[in-house]
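# A look at the structure
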Amino acid sequence: MKTYFCFIESDVLSTPHVEPLMAGTDAEALQEAAALLQTHASGIAAHVLCGETRIGTVRPASTRSDADPDETIPA
């Protein structure tokens, strides 16, 4: 069974919040990360990893018209 982790980036904290996910598939992990991101008021991105493989990144809906959904957020 795969083990997924979610790293929540914050615009107020320098260290990401990390949580294991209960998901069984990549798609479920991304959905779970999106729900988890909504619980963090200062969350700017949720990065999903399985082992050392990055599955994807979820971001809240942007209010900027020029926002790039694939923009990498610096660590």
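Preceding block: the structure.
Quick summary incoming for the structure in this document. Keep in mind it's a predicted model, so treat the numbers as computed, not measured. (Residues numbered from 1 in each chain as written. Predicted model: local features only at pLDDT ≥ 70, side-chain atom pairs only at ≥ 80, totals over all residues. Heavy atoms only, no water.)

## Brief notes about the pairing of strand β4 (residues 53-58)
In the sheet, strand β3 (residues 43-50) pairs with β4 via five bridges, with the strands oriented antiparallel. Across the sheet, the residue bridging to L49 is R54, located in β4. If you look at the hairpin formed by β3 and β4, you'll find two residues sitting between the two strands, and G51 has a positive phi there, around 65°. (Pairing = 2+ DSSP bridges. Helix = DSSP H or I, 4+ residues; strand = E, 2+ residues; numbered from the N terminus.)

## Remarks on the nonpolar core
Ranked by size, the top nonpolar core spans 13 residues in total, and within it Y4, C6, L21 and A46 carry the most contacts. For this core, the secondary-structure elements that each account for two or more residues are β1 (4-10), α1 (26-38) and β3. Of the residues forming this core, the biggest block, four residues, is contributed by α1. If we ignore the near neighbours within four places in the chain, the residues touching C6 are H17, V18, E19, L21, A33, L36, A46 and H47. (Core = buried A, V, L, I, M, F, W, Y, C linked by side-chain atoms within 4.5 Å. Buried < 20%, exposed > 50% of the residue type's maximum accessible area, 1.4 Å probe, protein only. Contact = heavy atoms within 4.5 Å.)

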